[in-house]
Amino acid sequence: MAPLDGSTEIVAQTATCLHCASPVAEKHARFCCTGCEAAYAAVQGLGLDAFYRRRTLAESARKLRPEPTPDFDYAQRVQLSADGLATLHLMVDGLQCAACAWLIESVYARDADVADARVNLSTGRMVLKWRGDAARAGELVGSIARLGFRLVPYDPGCLGTVAEIEESRLLKALGIAGFGAGNVMMLSVAVWVGVDMGPATKDLLHWVSALIGLPCIFYAGLPFYRSAWSALSAKRLNMDVPIAVGVTMTAAMSLSETLRGGPYAYFDAALTLLFFLLAGRYLDARARGKVRATATQLLALAVRPVTVVDASGVLRSMAADAVAPGQTVYVASGERIGIDGRVVSGQSLVDAALVTGEAVPQAVAPGAQVFAGMVNLGAGLRIVATATGEGTLLAEIVRLVEAAERSRGRYVALAERVTRSYAPVVHATALATFLAWHFGVGVEWQVAMLYAVATLIVTCPCALGLAVPAVQTVATGRLLKSGILLKNATGLERLADIDMVVFDKTGTLTQGQLVLRPDPSRDPALLPLAASLATVSRHPLARALAASCPDQPMAAGVVEHPGLGLSCGGMRLGSRRYCGIDDAAAGPADGPEIWFAPGDGRAVRFAFDDALRDDASATVAALQAQGYGVALLSGDRAEVVADVASKLGIRDWHGGVDPAGKAAHLAQYRARGRKVLMVGDGLNDAPALAAASASLSPASGTDVAQVAADAVFQGRGLVAVAILLAAARQARRLMRQNIAFSILYNAVAVPLAMLGMVTPPIAAALMSSSSLVVVANALRLSRAKGET
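What counts and how
- Residues numbered from 1 in each chain as written.
- Predicted model: local features only at pLDDT ≥ 70, side-chain atom pairs only at ≥ 80, totals over all residues.
- Heavy atoms only, no water.
- Helix = DSSP H or I, 4+ residues; strand = E, 2+ residues; numbered from the N terminus.
- Buried < 20%, exposed > 50% of the residue type's maximum accessible area, 1.4 Å probe, protein only.
- Contact = heavy atoms within 4.5 Å.
- Areas by Shrake-Rupley, 256 points an atom, 1.4 Å probe, with all protein chains shown as cover.
- Patch = residues over 30% accessible without salt bridge, like charges linked within 9 Å, V, L, I, M, F, W, Y side chains within 5 Å.
- Salt bridge = Lys/Arg side-chain N within 4 Å of Asp/Glu carboxyl O.
- Expected span 1.5 Å × (residues − 1).
- Phe/Tyr/Trp six-rings, centres within 6.5 Å; stacked < 30°, edge-to-face > 60°.
- Lys NZ or Arg CZ within 6 Å of the ring centre and 35° of its normal.
- Pairing = 2+ DSSP bridges.
- Axes fitted to C-alpha atoms, helices over the stretch in contact; angles between N-to-C directions.
- Parallel < 35°, antiparallel > 145°, perpendicular 65-115°, else oblique.
- Nonpolar A, V, L, I, M, F, W, Y, C, P; charged D, E, K, R; others polar.
- Core = buried A, V, L, I, M, F, W, Y, C linked by side-chain atoms within 4.5 Å.

This part is about the overall build of the protein chain. Looking only at helices and strands, the protein chain features 27 helices and 27 strands. A buried classification covers 50% of the 788 residues belonging to the protein chain. Relative to all contacts within the protein chain whose residues are 6 or more apart in sequence, the contacts with residues 24 or more apart total 66%. As displayed, the protein chain offers around 35,000 Å² of accessible surface, 59% of which is attributable to carbon and sulfur atoms.

Nonpolar side chains collect at one region of the surface, where Leu744, Val748, Leu752, Leu755 and Met757 lie side by side and expose about 500 Å² of accessible area between them. When you line up the elements, Val748 lands in helix 26 (residues 719–754).

Let us look at helix 8 (residues 222–233). Between the first and last C-alpha of helix 8 there are 16 Å, a value that for twelve residues agrees with the 16 Å anticipated at 1.5 Å per step. Those residues of helix 8 not exposed but buried are Leu222, Pro223, Phe224, Ser227, Ala228, Ser230 and Ala231.

A separate point is the packing of aromatic side chains. Taken as a whole and judged by the stated rule, the model has one aromatic pair. Above the face of the Tyr578 ring, Arg572 is positioned so that its terminal group lies 4.5 Å from the ring centre.

The subject of this paragraph is the pattern of salt bridges. Within the structure shown, the criterion is met by 14 salt bridges. The partner of Asp499 in a salt bridge is Arg674, and the shortest N-O contact between them spans 3.4 Å. One end of the pair, Asp499, is in the loop between helix 16 (491–496) and strand 16 (500–503); the other, Arg674, is in the loop between helix 23 (659–671) and strand 25 (676–679), and 175 residues separate them in sequence. Take Arg674: its relative accessible area is 29%, and that puts it in the partly exposed class. If you follow the salt bridges from partner to partner, you end up with Asp111, Asp113, Arg136 and Glu139 in one network.

Spatial ordering of the open sheet is given by 17-22-21-20-19-18, a layout of six strands whose pairing is antiparallel. The open sheet is flanked by strand 17 (510–516) and strand 18 (559–561), the only strands paired with a single partner. Averaged over all pairs of adjacent strands, the angle between strand axes in this sheet comes to 20 degrees, irrespective of strand direction. Pairing between strand 17 and strand 22 (residues 604–612): four bridges, direction antiparallel. Bridge pairing links Leu514 to Asp610 in strand 22. Most of the contacts of helix 18 (residues 526–534) go to strand 20 (residues 571–574), to which it runs at about 75 degrees, and overall it touches strand 17, strand 19 (565–568), strand 20, strand 21 (593–597) and strand 22.

This next bit is on the packing of helix 7 (residues 199–220) against helix 8. Axis separation between helix 7 and helix 8 bottoms out at 5 Å; the angle between their running directions is 50 degrees. Classed by the angle they form, the pair helix 7 and helix 8 counts as oblique. Residue-level contacts link Ile217, Phe218, Tyr219 and Ala220 of helix 7 to Leu222, Pro223, Phe224 and Tyr225 of helix 8. For the contact of helix 7 with helix 8, the class distribution of residues is eight nonpolar, no polar and no charged.

In this section: the sheet that holds strand 11 (residues 362–364). One open sheet accounts for three strands, arranged 11-10-13; its pairing is antiparallel. Both outer strands of the open sheet, strand 11 and strand 13 (375–376), are each paired with one neighbouring strand and no more. Two elements, strand 10 (residues 348–351) and strand 11, share three bridges in a ladder whose sense is antiparallel. Paired with Leu349 across the strands is Ala363, a residue of strand 11.

Take Glu257: it is sitting in helix 9 (residues 240–259). Glu257 gets classed as buried once you look at its relative accessible area, which sits at 3%. For Glu257, the contacting residues outside a window of four places in its chain are Gly262, Pro263 and Tyr264.

This next bit is on the pairing of strand 16. Residue alternation in strand 16 divides its side chains into two sets, Met500 and Val502 and Val501 and Phe503, and both sets are buried. Bridge count for strand 16 against strand 23 (residues 629–633) is four bridges, and the pairing is parallel. In the strand pairing of strand 23, Phe503 is matched with Leu632. In this structure, strand 16 lies alongside strand 25, joined through four bridges in parallel fashion. When the sheet's bridge partners are listed, Val501 is paired in strand 25 with Leu677.

For the rest of this paragraph, the subject is the nonpolar core. In terms of nonpolar packing, the biggest core is built from 45 residues, with Leu495, Val501, Phe503, Leu509, Leu677, Val721 and Leu725 touching the most fellow members. Residues in contact with Leu677, not counting those within four places in the same chain, are Leu495, Ile498, Met500, Val501, Val502, Ala694, Ser695, Leu696, Val721 and Leu725. Counting residues in hydrophobic clusters, the runner-up holds 27 residues, among them Leu88, Met126, Trp130 and Phe149.

Okay, the pairing of strand 14 (residues 381–387) next. Regular strands place their side chains on alternate faces of the sheet. Most of strand 14 is tucked away, with five of its seven residues classed as buried. Pairing of strand 8 (residues 328–331) with strand 14, which is carried by four bridges, proceeds in the antiparallel orientation. Note that in strand 14 the partner of Val331 across the bridge is Leu381. Pairing of strand 9 (residues 340–345) with strand 14 involves five bridges; the strand directions are antiparallel. The residue bridging Val343 from the neighbouring strand is Ile383, located in strand 14.

Have a look at this one:
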């Protein structure tokens, strides 16, 4: 019986399974196995058959063959919250395209108990929340496993596996295309310059070109052939369709000409085109992997084992996500905290820069809250865990980054918007040319094919395909000369739309290094003496004090008292209390400070500043003069942030903002219609960097911040912000000029090709010339002086 969706004819033509698209044993069979038949019936029964029209079968995707639910105890991985929601984090194997994510989310949307189900196509992660107990986890997982997806408890080590395979295949195809293009081009040059070459010799060279070129064209073109077939199977067109058709027809015509001893063999052109297209495709695949790299680097901070104190007081090591809330964890000096918790024993200082962005270590005592990612700088601490694994602040930062990347992933590049309507016109034009000449005029099919191929070549999307990448390449080179690395393919287009710049403070507007504040009233003889004690310690304030007097030798007999300071004989260097200073007499601290008591009854204060970058004030003023809105978001104390904002003339500032708060502030700016550039350097800036319209990070920032950003700048100045925005505006203007020229070129060249006035060699020359014009226009960017 014919299926209701009318797919009988498709089965007969393609002989592939209706569900997983694998080849079937019998020509008229509809499914490759009973499992696929059951899965297909399940999708139809749910009324979600639109999945088969939406999906695109990616080359690297695993076929959707139904599998039994994996043997995992999902209930143990469920997290129960106080509001009655159960949460399960999973990796989904078998995701092929956005339609797969839509199918999974749609299935769960029909379950009244499921509160939320979100699939991240980039990382393969899914977050499932439902009302009820953990026992339903296996049932919920099984409902998706029956459709052919394999769901396993989340494992950071699984990230990027499929993408790495895809990148490897693209790199192999790129190598084959380069090998074939280089060798065939040498033979073609011999044909072109061989004025006295006889027909037999030319035919021999064409045959050798065919023997080298055809296998290379087949292998190197596989990514485009598969993508084009997937698009056509879904009854739509993409940019790979004209590429696949053009390359195939060029190869077929070249083989036909070689068989009949004709002069038109263009194996070299097909391979060269594939080589350049594959180079762009490979670089794009590398760019898409940045999302996975962000999540992986963040999670790497939390995978280290922690030391748990059991009921008998024995210390034992275990994985951080295996720690249960309420257990006691011991963190030794220098160790990174692996869980969120509350200090129950010990006093120390913790480096919270990765989490809060504050440069000065925080003093913690019993009752203080600490978070995963902080580093214990002093004495050992006993911490009662309040959140572990996916419940920690660090894991929340991961989710914020992924959510922001999903939102940014909806951005459509300028060239892609144009080519959506371009591909159908190209094919219709070439087909009309062939039909008109062969059936209308009555010429031989070989001649009609030559005219059709000439039309395809002259309309080959090289100029249009280069319109944006050529500008991006030149802009990248120009920015590199200015010490700016542009990392994201669509970053320039988004940067051109920016109308507001949001800065982090520590390490971005400031240098991120504590510098001793000059004090004329201080006895100059006490600085070298205090520095001789400070050289012993690795405390940030002690190191800053030692750096202010670098040639001072280390004092002998210095003892460090964790959480308090240093002593040597009767001398003390440390906090006010440790040096016997009365708070009322000394007054409130106006920044980071360390006190020194030389033992003669005196006490001297050494105050420190996180110095502003040299051009911070000039950069902010220049941005404001150009009409950009400027704001400051920092996790540092409000009074410190207010002081920096006042010095720079920034009215819109907020202090004490956590990572989620920064992302929330950016969402508020977007709701007002602002296009925001976020400039930050810390782990706590990563969600905001990913959530912003575009983002920039200094090379001195954390690896996570640099991965999440669209661009990274070198040097100690902030002039890179103005340079980047100016280059983006100029690049956008050139991109639009290139696209306009490409459209004009086709409007003139296509009619000539359809009338038979353009042979394939002339078409190739015209196509190459159009590409050269586009590239030459893009090169103007490298000579631009920049906007002010």
